[in-house]
Amino acid sequence: MDENKDDIVSFFSEGEKTHQHVTANQDIAERKRAEELIIANKELVFQNEEKKKRASELIIANIELAFQNEEKEKRASELVIANIELAFQNEEKEKRASELIIADIELAFQSEEKEKRALELIIANKELIFQNREKEQRASELIVANKELAFQNEEKERRASELIIINQELVFQNQEKEKCAAELKIANKELAYQNEEKEKRASELIIANKELVFQNEEKEKRARELAFQNEEKEKRASELITANKELAFQNEEKEKRAAELMIANKELIFQNKEKEKRAAELIIANRELKKAENDIRKLNAEDIRKLNDELEQKVFERTAQLESANQELESFSYSVSHDLRSPLRAVSGFAILLGERYDGLFDNESKRLLNIIQENANKMGLLIDDLLAFSRLGRKEIHKSKIDMAALAENAFKELSTPIKFKAEVKIGDLHHVLADTTLMHQVWLNLLSNALKYSFKKKKPVIIISSEEKNGELIYSIADNGVGFDMRYAHKLFGVFQRLHDADDFEGTGVGLALVHRIITKQGGKIWAKAKVAKGATFYFSLPQKN
Amino acid sequence: MDNIEVDILLIEDNANDAELAIMALQKNNVAKHIIHLKNGAAALDFLFGQGSYKGRNINNKPKVILLDLKMPKVSGLEVLEKLTSNELTQKIPVVVLTSSKEHPDVEKAYALGANSYIVKPVDFESFRKVVNDLGIYWLLVNQPLL
């Protein structure tokens, strides 16, 4: 600006010089030159104004620049901070980069491993694909088999539901029959009691009659004796009269005596008369007694006949009831044996057929399951057989004969040891003979011996001892083993049907054997009991009456 | 059916038992022609050529009859009575094949002229053997009436 001012001043001074130089010669040129200067001046003024504008603009621009500079300084300081941060970040990144390098190396290793594994998997996949195809084929076969099985199952379910209904009916009928049987038992006991009472009464009456007859006979004898005495006395009286007369005649002194004797005679006569009276009374009494006795006889006979008739009628009725109950029981056993066996045979049979026909389709587990079905069906068959044997026993009549018990036990043992080889030592003592049913007692020995063998089987040296003794008119037989024994707390359950004191896994059995033995023994008037200790063996005792 | 020789006539109402019996009889080709009828009434119709078997050649008799006792309509014992009381059929051997071993049945069956009485064992293996054996006996061992 200052520079511009100087320029303007210098211009003016130069113009004055020019003016002085040309005033004389060249007015016109000078005017022109003046005009040109004016214009130039105006232009200069304009230019100055422009320059002033421009200067103010520059000032503003300067202020702005200063502001911008400040801003830039601020920004520069910020950049410095940012740079420091960047430097820090760079360091971090370098660290991370080195870590990444390590990770890369590891990844590369893993990749190799994975490739290896992938190759293996490809091989395995091929194998699986092959197996899958096999399985699909197998599956389609199984589907066919399944459909068949499903159809059979439906059939069986239908049959099973029918059987369930039949079973329920059977159970209901059983309950009814049991009720009926129990009532009949009570009625029978009552009848038996009444019969006994009547028999007692009848035998008492017979004894009373016999006594009456005896008394009558005694009285008749007595009457006869009295009559005889009377006769004797009459004879004696006449003898005395004769004697008196003789005496009176022979001895006056004896008259006194004779008179006395007369008195005595009179007395005797009186006594005789009295006795005659009494004899007559006795005769009457005898007649009355006889009559009374006859009456009693008649009366008793009528009463007894009436009672007997009534009793017979009752017995007849009860017998008819019992017979019909027995028939019902028989038809029930028949149903049990027939109706339960058929479905069981079907279960066992078709399980075997399934195993045989589709042998290739079943694995070991399926075969095991089929086997379980079959085994249980067979077991149930045994149960039904045992139960029927048990119920048949209730109806069997007993035929008693003299039995050599040692021989019978020996027989039973031989029968048992034929199918199964027992290592047990069996000692059969010199047993008492007994009066009992041979078939039934054979069954008793069979069951008790097989139990003893069964429960001592696991011992190293099983020993079974059979002996007998006589006690209070009874014969007591015992069979002792050294087997597993049992807990005496459960002894009361020993002889119940289907009661077992051992696990089915440990020892086989249906739980009917001892119930059967119990029934046989009590039916023949005997008793059965047992003593045992766990792991120390068991002894079973049964008694039978020595005399029938 | 008229001209085919009948080996065995099986009279059995229980379809399962019948199937098992037929299977056992066909084992080892013991019996080729088995006719199975489901009740006593049908059996009598078949043997006497009546009812739905009217016109059948009744001289074509089975070699042996296997007879179940407990059947609907006409029981096995009734069938047995009819068979043994008729000249046409009384010479056909009858084997009673039943689940029941109750004494009255056994007695009645023999009294009515059954040739054999067999209690079907519950266990299938035994059942198969028993039935197969009886097929062998009556069809191969036994000399029939000519």
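By convention here, each chain's residues receive numbers from 1 onward along its written sequence. Whichever chain is written first becomes A and whichever ligand is written first becomes 1, with later ones labelled in order. In keeping with the model being predicted, local features are shown solely for residues with a pLDDT of at least 70 and side-chain atom pairs are shown and tallied solely at 80 or more, while totals for entire chains, interfaces and linings include all residues.

A. Molecular detail of the overall build of chain B. Each helix and strand in chain B was counted, giving 5 helices and 5 strands. Across the 146 residues of chain B, 36% fall into the buried class. Once local pairs closer than 6 in sequence are excluded, the contacts in chain B between residues at least 24 apart make up 65%. Only DSSP runs of H or I covering at least 4 residues are called helices, and only runs of E covering at least 2 are called strands; the numbering of each starts at the N terminus. Here a residue counts as buried when 20 or more other C-beta atoms sit within 10 Å of its C-beta, as exposed when there are 12 or fewer, and as partly exposed otherwise, the C-beta atoms being derived from the backbone. Each residue gets a C-beta atom placed from its backbone, and two residues are in contact if those atoms lie within 7 Å.

B. Quick peek at the overall build of chain A. Secondary structure summary: chain A contains 8 helices and 7 strands in total. For chain A, restricting intrachain contacts to residue pairs at least 6 apart in sequence, the fraction spanning at least 24 positions comes to 72%.

C. Representation of the interface of chain A and chain B in the model. On the chain B side, the residues contacting the 14 residues of chain A number 14 residues. Of all the elements in the fold, those that place two or more residues in the side of chain A that touches chain B are α3 (253–339), α4 (341–357) and α5 (364–395) of chain A. The dominant element in the side of chain A that touches chain B, judged by the number of residues it contributes, is α4 of chain A, at 8 residues. In terms of residue class, the side of chain A that touches chain B is made up of 4 nonpolar, 8 polar and 2 charged. Gly is placed with the polar residues, together with every amino acid not listed as nonpolar (Ala, Val, Leu, Ile, Met, Phe, Trp, Tyr, Cys and Pro) or charged (Asp, Glu, Lys and Arg).

D. Structural detail: the sheet that holds strand β4 (residues 94–98) of chain B. Residues and elements named next belong to chain B. Sheet architecture is open: 5 strands sit in the order β2-β1-β3-β4-β5, paired in parallel fashion. Both edges of this open sheet fall to β2 (34–37) and β5 (116–119), since each of them pairs with a single strand only. Between one strand axis and the next, the sheet turns by 20° as a mean value, whatever way the strands run. Only strands that DSSP links by at least two bridges are regarded as paired with each other. In this structure, strand β3 (residues 64–67) lies alongside β4, joined through 3 bridges in parallel fashion. Bridging across to β4, L67 finds its partner in V96. Only the stretch in contact is used when a helix axis is fitted, and all axes are lines through C-alpha atoms; the angle between N-to-C directions ranges over 0 to 180 degrees.

E. The arrangement of the confidence of the model for chain B in detail. Per-residue confidence for chain B gives a mean pLDDT of 87, with 94% of residues at or over 70. Both confidence scores are given for the complex: pTM 0.42, ipTM 0.73. Per-residue confidence from the predictor is reported as pLDDT, a score between 0 and 100.

F. Summary view of helix α6 (residues 405–417) of chain A. Residues and elements named next belong to chain A. For α6, which comprises 13 residues, the first-to-last C-alpha distance of 18 Å matches the rise-based estimate of 18 Å (1.5 Å per residue) to within 8%. Those residues of α6 that fall on the buried side of the exposure criterion are M405, L408, A409, A412 and F413. Take α6 and look down its axis: the buried residues cluster within an arc of 135°, on one side only. In α6, those exposed residues whose orientation departs by more than 90 degrees from the buried face are A407 and K414. Where α6 is buried, its residues touch β1 (400–403), β2 (425–428), β3 (434–437), α7 (438–456), β4 (463–471) and β5 (474–481). An expected span of 1.5 Å times one less than the residue number is assigned to each helix. The directions considered for the arc run from the helix axis to the C-beta atoms.

G. View of the sheet that holds strand β7 (residues 537–545) of chain A. Residues and elements named next belong to chain A. Taken in spatial order, the 5 strands line up as β2-β4-β5-β7-β6 in an open sheet, and their pairing is mixed. The sheet is open, and its two edges are formed by β2 and β6 (527–533), each paired on a single side. Between one strand axis and the next, the sheet turns through 15° on average, direction left out of account. The sheet contact formed by β2 and β4 spans 4 bridges and is parallel. Within β4, the position partnered with I428 by the bridge is I466. Along the sheet, α6 contacts β2, β4 and β5; its crossing angle with β2, the most-contacted strand, is approximately 160°.

H. A look at the nonpolar core. Core analysis: the largest hydrophobic core is formed by 46 residues, its most contacted members being A409, V444, W445, L448, L449, I479 and V517 of chain A. Among the elements that make up this core, the one with the highest residue count is α7 of chain A (10 residues). Leave out the neighbours within four places in its chain, and V444 of chain A touches V517, I520 and I521 of chain A. Judged by nonpolar contacts, the second largest core, of 45 residues, contains A346 of chain A together with L69, L77 and A109 of chain B. A set of buried Ala, Val, Leu, Ile, Met, Phe, Trp, Tyr and Cys residues, joined to one another through C-beta atoms within 7 Å, is what we call a nonpolar core.

I. Looking closely at helix α5 (residues 124–141) of chain B. Residue and element names in this part refer to chain B. An ideal rise of 1.5 Å per residue puts 26 Å on 18 residues; α5 measures up with 24 Å between its terminal C-alpha atoms. Within α5 the residues assigned to the buried category are F124, F127, R128, V131, L134, G135 and W138. Projected onto a plane normal to the axis of α5, the buried residues spread over an arc of 140° and lie on a single side. In this structure, α5 carries L140 and V141 as exposed residues pointing more than 90 degrees from its buried face.

J. Expanded view of the environment of R222 of chain A. Residue and element names in this part refer to chain A. Inspection of the secondary structure assignment puts R222 in helix α2 (residues 27–250). Taking the C-beta count within 10 Å as the criterion, R222 has 13 such neighbours and is therefore assigned partly exposed. Taking C-alpha positions, R222 is 9.1 Å from L282, a pair spaced 60 residues apart along the chain.

K. Inspection of the confidence of the model for chain A at higher detail. All names here are of chain A. Chain-level pLDDT for chain A is 83 on average; 92% of the residues reach the 70-or-more range. Mean pLDDT across the elements of chain A bottoms out in helix α1 (residues 2–22) (50) and peaks in β5 (95). A low-confidence stretch, residues 1–13 (pLDDT under 50), is modelled with 3 contacts involving residues beyond four sequence positions or located in other chains.

L. Just the packing of α4 of chain A against helix α1 (residues 15–26) of chain B, in detail. Where α4 of chain A meets α1 of chain B, the closest approach of the two axes is 9 Å, and the angle between their N-to-C directions is 50°. Overall, the two elements α4 of chain A and α1 of chain B adopt an arrangement that is oblique. Seen along the crossing, α4 of chain A lies across α1 of chain B with a hand that is left-handed. Every residue of α1 of chain B that contacts α4 of chain A at S342, R345, A346 and G349 of chain A is listed here: N16, D17 and L20 of chain B. In terms of residue class, the contact of α4 of chain A with α1 of chain B is made up of 2 nonpolar, 3 polar and 2 charged. Roughly parallel means an angle under 35 degrees; roughly antiparallel, over 145; roughly perpendicular, 65 to 115; everything else is oblique. Crossings are assigned a handedness: left-handed for a near helix turned anticlockwise from the far helix by less than a right angle, right-handed for a clockwise turn.

M. Focus on the environment of S391 of chain A. All names here are of chain A. Tracing the backbone through its elements, the reader meets S391 in helix α5. Note on S391: 17 C-beta atoms within 10 Å, which makes it partly exposed. Separated by 61 residues in the primary sequence, S391 and E330 place their C-alpha atoms 9.0 Å from one another.

N. Quick look at unusual backbone geometry. Phi angles above zero are rare outside glycine, and A535 of chain A is one such case at about 70°. As for its position among the elements, A535 of chain A is in the loop between β6 and β7. Unlike most non-glycine residues, K73 of chain B shows phi in positive territory, near 65°. With respect to the helices and strands, K73 of chain B occurs in the loop between β3 and α3 (76–84).

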